[in-house]
Amino acid sequence: MTTVDRPADVGEEGLDAKRTVHTFCRYCMAACGVDVTVAGNRVLKISADRANPHTWKDFCAKGRTAHELVEHPRRILNPMKRVGDSYAEASWDEAIRDIARRMNQLIAEDGPDTVACYWGNPGGFSASNVVFLNGWLDAVGTRSRYFVGSVDQNAMHVVAAAMYGSQLMAPVSDIDNCDYFLLVGCNPAVSAWGWVETVPGGWRRCLERQRGGARIVVVDPTRTETAEKADVHLRVRPGQDWALLLGMVKVILDERLQHEEDCAELALGVDDLRFLVRDADLDDLAARCEIPRAEIERIAREFATARTAMAVTRTGVALHEAGTIGEWLGHVLNVITGRMDRPGGRRYEQGYVDSLKLFDIWAKPTLHRSRVSGREMVAGHHGLDELPDEITTPGKGRVRALVIDAGNPVVSGANGDKLDAALAQLDLLVVLDLVQRESHRHAHWLLPVAHWLERDDLHSLTSGLQDRPFVQYGHKAVDPPPGAREEWEIFTDLALAMRRPFFGYRGVNTLVRTSRCLARRTDRPGLAFSPHWVNRLLVMFGRKLRWRDIMAKPHGWVYGEREFGNLRKALRTPDKRIHVAPREFLARTRELMAGQHPAAPEGFPFLLGNRRHRHSMNSYLNDLPSLHRSERRNVAVLTPEDAAELGIAEGDLVRVWSPVAEIRLPAAISNEPRRGSVLVDHGWGSRVFDPRGEAEPLVYGENRNRLVDGADLDPLSQTPALSSTYVAVAKA
Ligand SMILES: Nc1nc2c(c(=O)[nH]1)N[C@H]1C(S)=C(S)[C@@H](COP(=O)(O)OP(=O)(O)OC[C@H]3O[C@@H](n4cnc5c(=O)[nH]c(N)nc54)[C@H](O)[C@@H]3O)O[C@H]1N2
Ligand SMILES: Nc1nc2c(c(=O)[nH]1)N[C@H]1C(S)=C(S)[C@@H](COP(=O)(O)OP(=O)(O)OC[C@H]3O[C@@H](n4cnc5c(=O)[nH]c(N)nc54)[C@H](O)[C@@H]3O)O[C@H]1N2
Ligand code: SF4
Ligand SMILES: [Mo]
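Residues numbered from 1 in each chain as written. Chains lettered and ligands numbered in written order. Predicted model: local features only at pLDDT ≥ 70, side-chain atom pairs only at ≥ 80, totals over all residues. Heavy atoms only, no water.

So, helix H14 (residues 293-305)
Phase 1 of the analysis: The end-to-end C-alpha separation of H14 is 18 Å, in line with the 18 Å expected for 13 residues at 1.5 Å each.
Phase 2 of the analysis: Residues Ile 296, Glu 297, Ile 299, Ala 300, Phe 303 and Ala 304 constitute the buried set of H14. (Helix = DSSP H or I, 4+ residues; strand = E, 2+ residues; numbered from the N terminus. Expected span 1.5 Å × (residues − 1). Buried < 20%, exposed > 50% of the residue type's maximum accessible area, 1.4 Å probe, protein only.)

As structure tokens, then:
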């Protein structure tokens, strides 16, 4: 099935010149349907696909300019091999052979854990990348696995595993029926309504509900665009959501406002919760989160008694020392007030492929304690903060080779300077990316990959994260440059070249080889083993949709109605109940309740807050000129009062420092931050190198995560407190 529209007035000649591909944007969870106008192999224009029945209304400048990354002047176009201080182009054969040989050598000396991998956020937006990466990791047999989760959504995985029995079970928001939105630590007006769910147009739909009488309560230290529109904005003290949410749970249980049936039938452990909140002091909790007690009581009562309601917790909650407890209590609020799997609350969406079931059957849980700190894995990976010591601490199993796939961990995690220094000590650093960024500067090999505009994707494994039964095949709009390859192919070739059984199963390598051979002999490339096989098998396994029906709907297909009532049987807990009071969460909460109230240390009076920019995607897209025209892209935002006290005026250069680093940025003055906070967007200060060595690195702004020493870690999710670092500020 082709996705090509042929305008009636274009003749045969013109057909070649211009065509439109209907596909979807793969930068963020909104997954906007887009029309890509192409001539030859060049993208002329990207616009919203208004014929997409489900998603296009979030369409933004990032999607509109996606081809600028494709045509990035510094794009890596062929495998690049480090030679001294610079790089030389090499063939794929040479790259794969050299990497395989060096890795096998290291494994022979130190065992499989010496080969490590970090994969970042865009990896999750490819249907094939992470699946095949795992196939290769299983082939190698390494447990040195790191991913973006420990600077992002690990708290959610930990909570889902403990409460629902599967780390993958993520309830989705039923916005169009909701009367009361409790939005904690998210800014959907800028970042779209997505974390581990995909809710196209979520914020618009939420505002539509508000116009019909729904209430929006936003809990955020910062006056964001979202808070601006809220009925109530609670300026919580950063990192203290757990206290606010625990206070709400206490009010609901003490005043018997809970949902009787769900508390008796669906939930398990409500008595343990009662026992916990009996010992909680509302005034103490109020003092910790700096929200008046009366306000906590009022919001709790409103939430519990609203006709329909949902609590949504996101990165603003998670990226703190008590992140998992905050995340957990958000889920608890939904469960005890009867919001799970009911209209207007958080649903379970089955999707067209039951990935929970697949995960049960296929995933081999990797249980491992890390060599240096002895920590267990979270969601199948170790914490990113452990990586530097694993590289620098001598001993068997030391990480000596690393693959960075679609990530920029030096910028996205805490204490990037420490990681950067460690990366320089690796025997082998292999990078799969479009360009060479900060984390890639010590790479021995730069391997060029395809952009999503150059790749087919069917997100069958995450079909249960859609807020509605929806499927769209993401067709590629253009071909990748001849020297670039998709990640899946690189990992397949590496497993073959290393002579290690792909996916950890004997026989797969022979299957791959035979299929490739057959494809060559018959001149039918489709016969060669590829993600296409996997996709077709998954759709078949799902037994809900037919492949040809999916392909017949290039704009996407809403294949059913939102259903309720499937949660119970989908739960992965042995008793098919939601465990609302996991023991480790109770213990940690008691620890927090007994702990000191937060206070700034001597000499560092400011809290370092965070923002996301509409036109940035974490640490990339910041170097695209048409997205960021302003000279002052990355600023330090202070309140007028704080700025006046420090004698700082708009545009002044300021120093922001912590015990580990200092950055310098122009000041911006606004009422957005909380008093005593300085806001700096994350993701800046990442250099973009020219691997061909012709030009100086491009760099905009500063990396605010250098200021975070990473010592304060949420012990449950292993996520550093990226949003509650104390810093000092002064005019430079
Ligand atoms: N202080 C603070 N820190 C944060 C956050 C915060 O809110 N505050 N947010 C955190 C969050 S939520 C996240 S998700 C992380 C992000 O952390 P990471 O995932 O580590 O970093 P990204 O900035 O997303 O970098 C992605 C890289 O992938 C490349 N890339 C893009 N598309 C592809 C592709 O298709 N294939 C390959 N191979 N490469 C590709 C890009 O060029 C870029 O170099 O940052 C986290 N860090
Ligand atoms: N334009 C754009 N969109 C994106 C991204 C992007 O980089 N740019 N990234 C995508 C990714 S990878 C993700 S994970 C999602 C994230 O989506 P969100 O989680 O909605 O991310 P943010 O927009 O950073 O919103 C987090 C909010 O939490 C607030 N906050 C900070 N500390 C606290 C706290 O202690 N308590 C509370 N209650 N709030 C706090 C911050 O002020 C901020 O407003 O966005 C996605 N969408
Ligand atoms: S980046 Fe923009 S266009 Fe792309 S999916 Fe997200 S909101 Fe839509
Ligand atoms: Mo993220």
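What about the packing of helix H6 (residues 154-164) against helix H16 (residues 323-336)?
Phase 1 of the analysis: One can describe the packing of H6 onto H16 by two numbers: an axis separation of 9 Å at closest approach and a directional angle of 45°. Considering the angle they form, H6 stands oblique to H16. Between H6 and H16 lies a crossing of right-handed hand. Packed against H6, whose contacting residues are Ala 155, Met 156, Val 158, Val 159, Met 163 and Tyr 164, the element H16 presents Gly 323, Thr 324, Glu 327, Trp 328, His 331, Val 332 and Val 335 at the interface.
Phase 2 of the analysis: When the residues that make up the contact of H6 with H16 are grouped by side-chain class, the tally is 9 nonpolar, 3 polar and 1 charged. (Axes fitted to C-alpha atoms, helices over the stretch in contact; angles between N-to-C directions. Parallel < 35°, antiparallel > 145°, perpendicular 65-115°, else oblique. Left-handed = near helix turned anticlockwise from the far one by under 90°. Contact = heavy atoms within 4.5 Å. Nonpolar A, V, L, I, M, F, W, Y, C, P; charged D, E, K, R; others polar.)

Quick look at the site of ligand 1
Phase 1 of the analysis: Around ligand 1, the structure places 32 residues, and the nearest of them are Tyr 118, Asn 121, Asp 433, Glu 487 and Ser 619.
Phase 2 of the analysis: One of the backbone nitrogen or oxygen atoms of Asn 121 is found 2.6 Å away from an oxygen atom of ligand 1.
Phase 3 of the analysis: Within the side chain of Asn 705, an N or O atom sits 2.7 Å from a nitrogen atom of ligand 1.
Phase 4 of the analysis: Contributions of two or more residues to the shell around ligand 1 are made by helix H19 (409-412) and strand S17 (428-433). (Near = heavy atom within 4 Å. Polar contact = N/O pair within 3.5 Å; in protein donor to acceptor, adjacent residues only side chain to side chain.)

Things to note about the pairing of strand S7 (residues 115-119)
Consecutive side chains of a regular strand alternate in pointing toward one face of the sheet and then the other.
Phase 1 of the analysis: Among the 5 residues of S7, 5 are classified as buried, and the element is accordingly described as predominantly covered.
Phase 2 of the analysis: Here 5 bridges tie S7 to strand S16 (residues 401-405), and the two strands are oriented parallel to one another. From the neighbouring strand, Ala 116 faces S16, where its bridge partner is Leu 402.
Phase 3 of the analysis: Pairing of S7 with strand S8 (residues 145-147), which is carried by 3 bridges, proceeds in the parallel orientation. Across the sheet, the residue bridging to Tyr 118 is Tyr 146, located in S8.
Phase 4 of the analysis: In this view, the connection linking S7 to its parallel neighbour S8 by way of helix H5 (residues 129-140) has right-handed handedness. (Pairing = 2+ DSSP bridges. Right-handed = clockwise from strand over helix to strand, strands pointing away.)

Brief notes about helix H26 (residues 583-594)
Because the α-helix completes a turn every 3.6 residues, residues three or four places apart line up on one side.
Phase 1 of the analysis: Under the 1.5 Å per step criterion, the end-to-end length of H26 is 17 Å for 12 residues, consistent within 8% with the ideal 16 Å.
Phase 2 of the analysis: Three or more residues of H26 are buried, namely Phe 585, Leu 586, Arg 588, Thr 589, Leu 592 and Met 593. The buried side chains of H26 occupy one side of the element, clustering within an arc of 165° when seen end-on. The outward face of H26, more than 90 degrees from its buried face, is lined by the exposed residues Arg 583 and Ala 594.
Phase 3 of the analysis: Elements in contact with the buried residues of H26: H6, helix H10 (241-254), helix H12 (270-278), helix H13 (282-289) and H16. (Arc of directions from axis to C-beta.)

Here we look at the domain arrangement of the protein
Phase 1 of the analysis: Split into domains, the protein comes out as domain 1 (80-152 + 367-448), domain 2 (170-347) and domain 3 (599-731).
Phase 2 of the analysis: Here the C-alpha centroids of domain 2 and domain 3 sit 28 Å apart.
Phase 3 of the analysis: Listed by partner, the interface residues are 20 residues for domain 2 and 24 residues for domain 3.
Phase 4 of the analysis: Buried surface at the junction of domain 2 and domain 3, both sides included, amounts to about 1,700 Å², of which 48% is carbon and sulfur.
Phase 5 of the analysis: In this structure, the connection of domain 2 to domain 3 is made through 1 salt bridge. (Domains from an automatic or database assignment. Buried area = accessible area lost by both parts, 1.4 Å probe. Salt bridge = Lys/Arg side-chain N within 4 Å of Asp/Glu carboxyl O.)

Here's the deal with the pattern of salt bridges
It is possible for side chains of opposite charge to pair when their charged atoms get near one another.
Phase 1 of the analysis: Summed over all chains, the structure comprises 58 salt bridges.
Phase 2 of the analysis: In this structure, Asp 254 and Lys 250 form a salt bridge, with 3.1 Å as the shortest nitrogen-oxygen distance. Placement of the pair is Asp 254 and Lys 250 together in helix H10, with a separation of 4 residues, close to one helical turn.
Phase 3 of the analysis: For Lys 250, a relative accessible area of 11% puts it in the buried group.

Here we look at the packing of aromatic side chains
Phase 1 of the analysis: The final tally for this structure, using the stated rule, is 16 aromatic pairs.
Phase 2 of the analysis: When the centroid spacing of 6.0 Å and the interplanar angle of 85° are considered together, the rings of Tyr 352 and Tyr 559 count as edge-to-face. Within this pair, whereas Tyr 352 is found in the loop between strand S15 (346-347) and helix H17 (355-362), its partner Tyr 559 is found in the loop between strand S21 (557-558) and helix H25 (567-570), the two being separated by 207 residues in sequence.
Phase 3 of the analysis: We classify Tyr 352 as buried; its relative accessible area is 3%.
Phase 4 of the analysis: For the pair Trp 557 and Tyr 559, a centre-to-centre distance of 6.1 Å together with 65° between the ring planes defines the contact as edge-to-face. For the pair Trp 557 and Tyr 559, one class covers both residues: buried. (Phe/Tyr/Trp six-rings, centres within 6.5 Å; stacked < 30°, edge-to-face > 60°.)

Section: the pairing of strand S31 (residues 725-731)
Phase 1 of the analysis: For S31, a buried count of 6 out of 7 residues is recorded, marking the element as mostly surrounded by other parts of the structure.
Phase 2 of the analysis: Alignment of strand S25 (residues 653-657) against S31, held across 4 bridges, turns out to be antiparallel. Residue pairing for S31: Val 656 is matched across the bridge by Val 729.

Describing the environment of Asn 618
Phase 1 of the analysis: Within the secondary structure, Asn 618 sits in the loop between strand S23 (606-609) and strand S24 (636-638).
Phase 2 of the analysis: For the pair formed by Asn 618 and His 682, sequence separation is 64 residues and the distance between their alpha carbons is 6.9 Å.
Phase 3 of the analysis: Setting aside residues up to four positions removed in sequence, Asn 618 forms contacts with Asn 121, Arg 612, His 682 and Gly 683.
Phase 4 of the analysis: A polar contact of 2.9 Å, which involves the side chain of Asn 618, links it to the side chain of Arg 612.
Phase 5 of the analysis: Here the side chain of Asn 618 touches His 682 through a polar contact of 2.9 Å, side chain to side chain.

Focus on the sheet that holds strand S10 (residues 180-184)
Phase 1 of the analysis: With parallel pairing, the 4 strands of this open sheet are ordered in space as S12-S11-S10-S14. Each edge of the open sheet carries a strand with a single partner, namely strand S12 (232-234) and strand S14 (310-313). If you compare each strand with its neighbour and ignore which way they point, the axes differ by 15° on average.
Phase 2 of the analysis: Where S10 and strand S11 (residues 215-219) come together, 5 bridges link them in parallel fashion. Counterpart to Phe 181 in the pairing with S11 is Ile 216.
Phase 3 of the analysis: Strands in contact with H10 are S10, S11, S12 and S14; relative to S10, the strand with the most contacts, it is inclined by about 150°.
Phase 4 of the analysis: Sheet strands touched by H16: S10 and S14. Its angle to S14, the strand with the most contacts, is close to 165°.

Some thoughts on the packing of H12 against H26
Phase 1 of the analysis: Taken N-terminus to C-terminus, the directions of H12 and H26 make an angle of 10°; their axes are 11 Å apart at the nearest point. Judged by the angle between their axes, H12 and H26 are roughly parallel. From H12, Asp 272, Phe 275 and Leu 276 reach across to H26, where they touch Leu 586, Thr 589, Arg 590 and Met 593.
Phase 2 of the analysis: Residues that form the contact of H12 with H26 fall into these classes: 4 nonpolar, 1 polar and 2 charged.

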